[in-house]
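Structural description and commentary
The residues making up each chain are set out below.
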Amino acid sequence: MIFERSVITIAIVFLLILIKIDKDSLRKFGIILVAVLLFEYFTQALWLNKNLEPWAYLYLDVSWIIAIGWATIILVSIKIIDLYFSNLSERRRFFFYLVPITIIGIVAEGVVLGLGIREYSSAVQRMLSGIVLWNVPIEALYYIPVFMVLVISFTGYWETIVEEKAKPIEENKAKKGSKK
Amino acid sequence: MIGIIIFELSMIALILGLWSYMKRKQCKNATRKIIILFLGVLLFEIMSEPMWRNFKLNSWAYLYHDVSWIITLGWVNIFLASMLLIDNLFEKMPEKKKFWLYLLFITVITTPIEVILLQTGIRGYDAVLTATMRGIMIPFTQAPIEIVFVIPMMAALIIPFYKFVNRLFEQTTR
């Protein structure tokens with residue numbers, strides 16, 4: 001129960017801070033959450049999310065608490081990079097996003113492994129080399145960036161669609177404003 | 001065995017056909033686009049490797065464990081053909097609507113192919129994956145119903161990767 005409440009509290013606190021910086025943060029969080037859930041559903045056979053409260057699960061052991069945890073890590077990392085490296089091209093920032101996400105992701109994975117919330121299926125265990133980095137299999141250094149490349153691309157793609165849709169509305173508003 | 005070679009060679013022939021079609025249609029950066037899509041599918045295949053088994057292919061068709069570049073090419077062919085078809089048929093349609101059509105086409109094309117691959121024994125599922133299945137089969141087949149849900153989910157992550165990464169390249173080469 002403490003884990004679930006902590007994740008929800010951390011997500012709300014960071015979202016409130018980020019909304020002050022960028023009013024579209026909640027929408028971005030929603031898009032990231034959809035991507036994370038798609039991925040979690042697709043790869044559910046690989047991971048086991050155990051010992052959470054029954055209300056924390058969506059389907060089998062796909063947990064929305066784990067998903068909002070990932071979504072918070074991703075959104076905060078993207079915002080940090082956008083804030084400090086705004087002069088870089090989008091392509092370079094895309095690769096920079098992966099750095100804080102991988103570091104925070106490995107720490108978070110270590111926490112859920114340590115708490116007994118996360119376990120790997122037998123199929124994954126067969127593939128692991130046995131080398132660990134702070135309690136986390138070294139393979140996470142590959143898996144987390146790959147997972148994130150797909151999630152960040154999904155976010156970037158849908159953000160473009162939403163922004164393009166919003167453009168004519170904003171242009172109309174600006175035209176009406178200038179007529180007044 | 002001859003059937004496997006025909007399957008492998010047709011995957012290569014199909015991608016070459018799609019590439020030359022894109023070139024004929026003066027599609028910009030056709031090679032780069034195919035490489036990005038191949039990379040997107042391959043990342044996904046390596047990531048989800050413990051869930052699937054690719055049997056019976058010739059040894060040169062495998063990259064790592066049972067990750068096969070021929071199977072990856074097969075996915076690329078389906079994704080690319082679906083996107084080219086939708087983009088040509090519904091040129092003026094907004095991207096948001098086209099996205100759903102991409103998923104529909106990909107699912108419609110892939111489901112029977114996956115059924116054939118399962119029935120011919122080229123494709124198999126690991127026990128950890130079958131354990132999450134409900135046991136309901138697609139009518140008249142031995143293929144799990146989950147295929148119909150999982151294919152659009154996979155496509156919903158790979159298409160944005162393809163489109164977004166291409167956009168990143170286009171921005172910097174402008």
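Just so it is clear, the model here is predicted, and its values are computed rather than measured.

1. Topic: the overall build of chain A
Within chain A one finds six helices and six strands. Secondary structure elements in chain A, listed N-terminal to C-terminal, are α-α-β-β-β-α-α-β-α-β-β-α. With the C-alpha coordinates aligned to their principal axes, the bounding extent of chain A is approximately 65 × 35 × 25 Å. Within chain A, contacts between residues separated by at least 24 positions form 67% of all contacts whose residues are at least 6 apart in sequence. Of the roughly 9500 Å² of accessible surface on chain A, 67% is carried by carbon and sulfur atoms.

2. A few points about the packing of helix α1 (residues 2-21) of chain A against helix α2 (residues 25-42) of chain A
Residues and elements named next belong to chain A. Running from N to C, α1 and α2 cross one another at 130 degrees; their axes reach a closest spacing of 8 Å. The angle between the axes of α1 and α2 places the two elements in the oblique class. When α1 is examined against α2, the residues Leu15, Leu18 and Ile19 are found in contact with a partner set consisting of Ser25, Leu26 and Phe29. In terms of residue class, the contact of α1 with α2 is made up of five nonpolar, one polar and no charged.

3. Structural notes on the side chain of A:Ser121
Locating A:Ser121 in the fold gives a position in the loop between β4 (118-120) and α5 (122-127). Ignoring anything within four residues of it in the chain, the contact list for A:Ser121 reads A:Ala45, A:Leu46 and B:Val128.

4. Quick look at the interface of chain B and chain A
In many analyses, interface size is given as the accessible surface area lost on bringing the parts together. At the junction of the two partners, chain B supplies 35 residues and chain A supplies 37 residues. Summing both partners gives a buried area of about 3500 Å² for chain B against chain A, and 76% of it is carried by carbon and sulfur. When the buried area of chain B at its contact with chain A is split by residue, B:Met47, B:Leu157 and B:Phe164 rank highest and sum to 21% of it. For the pair chain B and chain A, the interface holds two salt bridges. Connecting chain B to chain A are five residue pairs in polar contact (both at pLDDT 80 or more). Where the side of chain B that touches chain A is concerned, the elements lending two or more residues are α2 (30-47), β1 (52-54), α4 (95-120), α5 (127-130) and α6 (146-173) of chain B. The dominant element in the side of chain B that touches chain A, judged by the number of residues it contributes, is α6(B), at 15 residues. The residue makeup of the side of chain B that touches chain A, split by class, is 22 nonpolar, five polar and eight charged.

5. A closer look at the layout of surface pockets
Left-over empty space is what a probe sized like a water molecule reveals as it rolls over the atoms. As a volume, the largest pocket reaches approximately 600 Å³. Around the largest pocket, the lining comprises 23 residues; the ones closest to its centre are A:Glu90, A:Gly156, A:Glu159, A:Thr160 and B:Arg167. For the lining of the largest pocket, the secondary structure elements donating two or more residues are α3 (64-84), α4 (90-114) and α6 (140-179) of chain A together with α6 of chain B. A per-element tally of the lining of the largest pocket places α6(A) first, with ten residues.

6. Describing the side chain of A:Asp22
All names here are of chain A. Residue placement: aspartate 22 occurs in the loop between α1 and α2. Relative accessible area serves as the criterion here: at 15%, aspartate 22 is assigned to the buried category. In terms of polar contacts, aspartate 22 uses its side chain to reach the side chain of lysine 28, at 2.7 Å. Within polar-contact distance, the side chain of aspartate 22 engages the side chain of lysine 79 at 2.6 Å. With sequence-adjacent residues up to four places away left out, aspartate 22 is seen in contact with Lys28 and Lys79.

7. Topic: α4(B)
Residues and elements named next belong to chain B. Here α4 contains 26 residues, and its C-alpha end-to-end distance of 37 Å stays within 8% of the 38 Å for a straight helix at 1.5 Å per residue. The largest bend along α4 measures about 25 degrees and falls at threonine 110, with the proline proline 112 one to four residues further on. Considered for burial, the residues of α4 that qualify are Lys98, Phe99, Tyr102, Leu103, Ile106, Thr107, Thr110, Thr111, Glu114, Val115, Leu117 and Leu118. The positive-phi residue at the C-terminal boundary of α4 is glycine 121, with phi of around 85 degrees.

8. With respect to the nonpolar core
If you look at the biggest cluster of nonpolar residues, it comprises 116 residues, and the most contacted ones within it are A:Ile74, A:Met148, A:Ile152, B:Phe79, B:Leu80 and B:Ile159. Here this core gets 15 residues from one element, more than from any other, and that element is α6(B). Not counting residues up to four positions away in its chain, the partners in contact with A:Ile74 are A:Ile32, A:Val36, A:Ile101, A:Met148, A:Val151 and A:Ile152.

About the cut-offs
- Residues numbered from 1 in each chain as written.
- Chains lettered and ligands numbered in written order.
- Predicted model: local features only at pLDDT ≥ 70, side-chain atom pairs only at ≥ 80, totals over all residues.
- Heavy atoms only, no water.
- Helix = DSSP H or I, 4+ residues; strand = E, 2+ residues; numbered from the N terminus.
- Contact = heavy atoms within 4.5 Å.
- Areas by Shrake-Rupley, 256 points an atom, 1.4 Å probe, with all protein chains shown as cover.
- Axes fitted to C-alpha atoms, helices over the stretch in contact; angles between N-to-C directions.
- Parallel < 35°, antiparallel > 145°, perpendicular 65-115°, else oblique.
- Nonpolar A, V, L, I, M, F, W, Y, C, P; charged D, E, K, R; others polar.
- Buried area = accessible area lost by both parts, 1.4 Å probe.
- Salt bridge = Lys/Arg side-chain N within 4 Å of Asp/Glu carboxyl O.
- Polar contact = N/O pair within 3.5 Å; in protein donor to acceptor, adjacent residues only side chain to side chain.
- 1 Å grid on protein atoms, 1.4 Å probe; cavity = no way out; pocket = protein on both sides within 12 Å on 5 of 7 lines; lining within 4 Å.
- Points joined across faces, edges and corners; volume = space filled by probe spheres on them.
- Buried < 20%, exposed > 50% of the residue type's maximum accessible area, 1.4 Å probe, protein only.
- Expected span 1.5 Å × (residues − 1).
- Bend = angle between axes of the 7 residues up to and from the residue.
- Core = buried A, V, L, I, M, F, W, Y, C linked by side-chain atoms within 4.5 Å.

Shape is all these values report; function is a separate question.
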